[in-house]
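Single-letter residue listing:
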Amino acid sequence: MFVRGLKRKCFDGEEDIEGTLAGIKAIPSYNLQRQSLLDMSLVKLQLCHMLVEPNLCRSVLIANTVRQIQEEMTQDGTWQMINTPSTGQASLDRLVSTDILCRSSREQAEGKHVPGYSTFNKDFEGDQAQDSSENMSTTSSVQPPRNLQSNVWEMENPQENKGNFQKSLDQIFETLENKSPNSVEDLFSEVDNSYYDLDTMLTGMMSNTKMGHCDGLETFSSPPTTTSNSNCKSDLNELDHIVEILVES
Amino acid sequence: QVPVLRPMDLMVEATPRRVFANAHTYHINSISVNSDYETYMSADDLRINLWNFEITNQSFNIVDIKPANMEELTEVITAAEFHPHHCNTFVYSSSKGTIRLCDMRTSALCDRHAKFFEEPEDPSNRSFFSEIISSISDVKFSHSGRYIMTRDYLTVKVWDLNMENRPIETYQVHDYLRSKLCSLYENDCIFDKFECVWNGSDSVIMTGSYNNFFRMFDRNTKRDVTLEASRENSKPRAILKPRKVCVGGKRRKDEISVDSLDFSKKILHTAWHPSENIIAVAATNNLYIFQDK
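Parameters at a glance
Residues numbered from 1 in each chain as written. Chains lettered and ligands numbered in written order. Predicted model: local features only at pLDDT ≥ 70, side-chain atom pairs only at ≥ 80, totals over all residues. Heavy atoms only, no water. UniProt positions renumbered as here; feature names shortened; annotations may be inferred. Helix = DSSP H or I, 4+ residues; strand = E, 2+ residues; numbered from the N terminus. Buried < 20%, exposed > 50% of the residue type's maximum accessible area, 1.4 Å probe, protein only. Contact = heavy atoms within 4.5 Å. Areas by Shrake-Rupley, 256 points an atom, 1.4 Å probe, with all protein chains shown as cover. Pairing = 2+ DSSP bridges. Axes fitted to C-alpha atoms, helices over the stretch in contact; angles between N-to-C directions. Core = buried A, V, L, I, M, F, W, Y, C linked by side-chain atoms within 4.5 Å. Polar contact = N/O pair within 3.5 Å; in protein donor to acceptor, adjacent residues only side chain to side chain. 1 Å grid on protein atoms, 1.4 Å probe; cavity = no way out; pocket = protein on both sides within 12 Å on 5 of 7 lines; lining within 4 Å. Points joined across faces, edges and corners; volume = space filled by probe spheres on them. Nonpolar A, V, L, I, M, F, W, Y, C, P; charged D, E, K, R; others polar. Phe/Tyr/Trp six-rings, centres within 6.5 Å; stacked < 30°, edge-to-face > 60°. Salt bridge = Lys/Arg side-chain N within 4 Å of Asp/Glu carboxyl O.

Looking at an unreviewed UniProt entry, chain B carries the name Serine/threonine-protein phosphatase 2A 55 kDa regulatory subunit B, with the source organism given as Podiceps cristatus. According to the UniProt record, the Sequence similarities (unreviewed entry) comment for chain B is "Belongs to the phosphatase 2A regulatory subunit B family."

Going by the annotation in an unreviewed UniProt entry, the name recorded for chain A is CDCA4 protein, with Podilymbus podiceps given as the source organism.

This is how it looks when you write it as structure tokens:
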């Protein structure tokens, strides 16, 4: 399983060495474990909708677990809430919903519903037989939501970046409610496109042979310099090309 | 050339006699034949449909828990079964560990249950995995029709139809996994769906576990046994030796430690002959049939 690189020392009793220390160290250890459980769950959810036929029961259970962790983090104040100027929803409404976690970024960008298991908010009885074959292939090649990628990236500093994560979630909510192209543009404008995609991150995790928690987090936090360099290089090449054309003319 | 008759070995080929199509949007988890032998039901994650055997292009929707807004979805249907004698009664279980008993005479769409079975949560055992391990993977009526049995990740529970607030019996299938839930969540084993079965007289219940183990519980004597379905450990006609998992401390000679269990060898499906003591156990790609001596 790809998740081998992630921290194994969750709540499992025998492996929790830190938990046996006297009170003072027990609390941060619990937060760390909770955080890594949240990370693991979000990654699982992303993989859910990358499948051709995601398991709805599994997705719902994982999403409920994520919600539960977020609620607890909200209650004990590790989750910083940012007041948005919007509708005055109850704070719990901003928590991640099943649909959001399992939507693909392409759907959000195009604003259309892809029939089949990639989203489960469309009633496609009757359509499914016809559409499923054409759309299943699209579904499997769709990239995972960039928002969640950047959020996972930000998990390395949970305390500082909770605000950013929360803000992204609010934007997702607004996007889904409005379903207008403009708000989607706004949504993506704040995302740094040089972040590596999920595949690279997972590859990094798989090649990570150490099992320690810190190593798992390191994988999340270390940027793939090759990718960003190649982006810069291609930009430079383009620039050279343009300059060439200008000079020749 | 004149065709010639050639004798051949018997070939067995399964072909569908009828196909009941296009009524389910989500994965089908259960089918259950009704005691009237005219109808049956099929259940997916969000809906249950009633079919007539003779009509393949039409079904009646009898349960629909799909929310208007899918963002609000927090619970799915996990299993369903008709009552063995009352053709209007059925039960379905959910991913939140609840069972609903419905009566089809009350309304066409059985969105309101006649009975609701749920056990209050044990606060001392609470964790982030509490909900996942409470998800019911199988529900079975007893042959008498007086009890239902449910299987969740760590236990099997027997409920009296007349008592909705808690089960009358709880059996620990593999409680030693309780301290391993995070690892089992990581490798997805925590989502494995085990079935459970009654014997013909409703005195013994059986369910599967990992490492090709399966467990039987005698409801009267309260004794239980762990057996293994594997080629290495049993020749045909040999008596199965009881197995034991060592949970800590010194491991005895025949015991196996929790960390040595093979989680890829899971027994999810078992069956018990309706009147004889003959059981069928599915272990990965092998089917074992055992009988009482």
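Now that the structure has been shown, we can carry on.
Trainee: What exactly am I supposed to notice about the overall build of chain B here?
Mentor: Within chain B, the secondary structure is distributed over two helices and 21 strands. The buried share of chain B, reckoned over its 293 residues, is 49%. Contacts spanning at least 24 positions in sequence make up 46% of the contacts within chain B whose residues lie at least 6 apart. For chain B, the accessible area works out to roughly 15,900 Å², and carbon and sulfur atoms hold 50% of it.

Trainee: Looking at this structure, how should I read unusual backbone geometry?
Mentor: Keep in mind that most residues, glycine aside, have a negative phi and that most peptide bonds are trans. All names here are of chain B. Although it is not a glycine, Asn212 adopts a positive phi angle of roughly 60 degrees. Position of Asn212 relative to the elements: it lies in the loop between strand E14 (204-208) and strand E15 (213-218). Exposure remark for Asn212: the relative accessible area of 8% places this residue in the buried category. In this structure, Thr284 is a non-glycine residue whose phi angle is positive, near 55 degrees.

Trainee: Where do I start with the sheet that holds E15 of chain B in this structure?
Mentor: Sheet strands associate in pairs through backbone hydrogen bonding, adopting either a parallel or an antiparallel arrangement. Residue and element names in this part refer to chain B. As summarised here, the arrangement of the four strands in space is E13-E14-E15-E16, forming an open sheet in which the pairing is antiparallel. Where the open sheet ends on each side, the last strands, each with one partner, are strand E13 (196-198) and strand E16 (224-228). Neighbour to neighbour, the strand axes of the sheet diverge by 20 degrees on average, direction disregarded. Sheet analysis places E15 next to E16, joined by five bridges and oriented antiparallel. Along E16, the bridge assignment pairs Phe213 with Glu228.

Trainee: Would you explain the nonpolar core in this entry?
Mentor: Nonpolar side chains in soluble globular proteins tend to be buried together. Judged by nonpolar contacts, the single largest core of 42 residues is most densely connected at Tyr153, Leu177, Tyr185 and Ile190 of chain B. Broken down by secondary-structure element, the contributors of at least two residues to this core are helix H1 (23-48) and helix H2 (56-75) of chain A together with helix H1 (130-134) and helix H2 (181-186) of chain B. For this core, the element with the most residues is H2 of chain A, which contributes nine residues. Non-local contacts of Ile190 of chain B, meaning those with residues more than four positions away in its chain, are made with Phe129, Ile132, Ile133, Tyr153, Leu181, Leu184 and Tyr185 of chain B. Among the nonpolar cores identified, the runner-up in size contains 15 residues, and Val204, Leu227, Ile279 and Phe290 of chain B belong to it.

Trainee: What should I look at first to understand the environment of Lys157 of chain B in this one?
Mentor: All names here are of chain B. Topologically, Lys157 is positioned in strand E11 (residues 155-160). Here Lys157 falls in the buried class, since its relative accessible area comes to 15%. Not counting chain neighbours up to four residues away, the residues in contact with Lys157 comprise Glu119, Ile148, Met149, Thr150, Asp152, Pro167, Glu169 and Thr170. A polar side-chain atom of Lys157 sits 3.4 Å from a polar atom in the side chain of Asp152.

Trainee: What am I meant to see in the sheet that holds strand E20 (residues 278-283) of chain B here?
Mentor: Residues and elements named next belong to chain B. Strand order in the open sheet made by the three strands is E19-E20-E21, with antiparallel pairing throughout. In the strand order of this sheet, the two ends are held by strand E19 (269-272) and strand E21 (286-291), each with one partner. Neighbour-to-neighbour, the strand axes of the sheet open up by a mean angle of 15 degrees, direction not taken into account. The pairing of E20 with E21 spans six bridges and is classified as antiparallel. When the sheet's bridge partners are listed, Ala280 is paired in E21 with Ile289.

Trainee: In this structure, what is going on with the environment of Tyr185 of chain B? I would like to understand it.
Mentor: Here Tyr185 of chain B shows up in helix H2. For Tyr185 of chain B and Ile132 of chain B, which are 53 residues apart along the polypeptide, the C-alpha to C-alpha distance reads 9.2 Å. Beyond its immediate stretch of four places on either side in the chain, Tyr185 of chain B contacts Leu37, Met40, Ser41, Lys44, Ile62 and Thr65 of chain A together with Phe129, Ile132, Ile190 and Phe191 of chain B.

Trainee: Would you explain the layout of surface pockets in this entry?
Mentor: One water molecule sets the probe size; rolling that probe over the atoms shows where empty space is left. All names here are of chain B. Looking at the largest pocket, its volume works out to about 1,100 Å³. Residue assignment for the lining of the largest pocket shows that the elements contributing at least two residues are E15, E16, E20 and E21. A total of six residues in the lining of the largest pocket trace back to one element, the largest contributor, which is E21. For the lining of the largest pocket, the residue count by class is 17 nonpolar, six polar and eight charged. Together, 41 residues line the second largest pocket, and Ile31, Glu81, Asp138, Val139 and Lys140 are the ones closest to its centre.

Trainee: What is the right way to read the packing of aromatic side chains from this model?
Mentor: The relative placement of two aromatic rings is captured by the distance of their centres and the angle of their planes. Residue and element names in this part refer to chain B. Summed over the entire model, instances satisfying the criterion amount to 16 aromatic pairs over all chains. Ring centres 6.3 Å apart and planes at 10 degrees place the aromatic pair Tyr40 and Trp51 in the stacked group. Of this pair, Tyr40 sits in strand E2 (residues 39-44) while Trp51 sits in strand E3 (residues 47-52); the two residues are eleven residues apart in sequence, bridging distant segments of the chain. The class for Tyr40 is buried, based on a relative accessible area of 10%. Residue class for Trp51 comes out buried when judged on its relative accessible area of 3%.

Trainee: What is the right way to look at the pattern of salt bridges in this model?
Mentor: Pairing is possible between side chains of opposite charge, provided their charged atoms come close. Under the criterion given, the structure shown has 21 salt bridges over all chains. In this structure, Glu121 of chain B and Arg126 of chain B form a salt bridge, with 2.7 Å as the shortest nitrogen-oxygen distance. Its salt-bridge partner being Lys266 of chain B, residue Asp192 of chain B comes within 3.0 Å of it at the nearest N-O pair. Here Lys266 of chain B lies in the loop between strand E18 (256-257) and E19 and Asp192 of chain B lies in the loop between H2 and E13, a separation of 74 residues in the sequence. Through salt bridges with shared partners, one network takes in Arg34, Glu72 and Asp76 of chain A.

Trainee: Explanation requested: empty space enclosed by the protein in the structure shown.
Mentor: Per the stated rule, a full pass over the model turns up four cavities of 30 Å³ or more. Of the pockets and cavities examined, the largest cavity occupies roughly 100 Å³. If you go around the largest cavity, the residues you meet are Leu61 of chain A together with Ile132, Ser135, Ile136, Ser137, Asp152, Tyr153, Ile190, Phe191, Asp192, Lys193 and Phe194 of chain B.

Trainee: I tried to follow the pairing of strand E10 (residues 147-151) of chain B on my own but got confused; where do I start?
Mentor: Within a regular strand, side chains alternate between the sheet's two faces. All names here are of chain B. A large share of E10 lies buried, amounting to five of its five residues. Covered by surrounding structure in E10 are Tyr147, Met149 and Arg151 together with Ile148 and Thr150, the residues of both alternating faces. Where strand E9 (residues 138-141) lies against E10, four bridges are found, and the strand directions are antiparallel. When the bridges of E10 are listed, Asp138 appears paired with Arg151. What sits between E9 and E10 in their antiparallel hairpin is a turn of five residues, with Gly145 showing a positive phi close to 85 degrees. Taken together, the five bridges between E10 and E11 define a ladder with antiparallel strand orientation. From the neighbouring strand, Arg151 faces E11, where its bridge partner is Val156.

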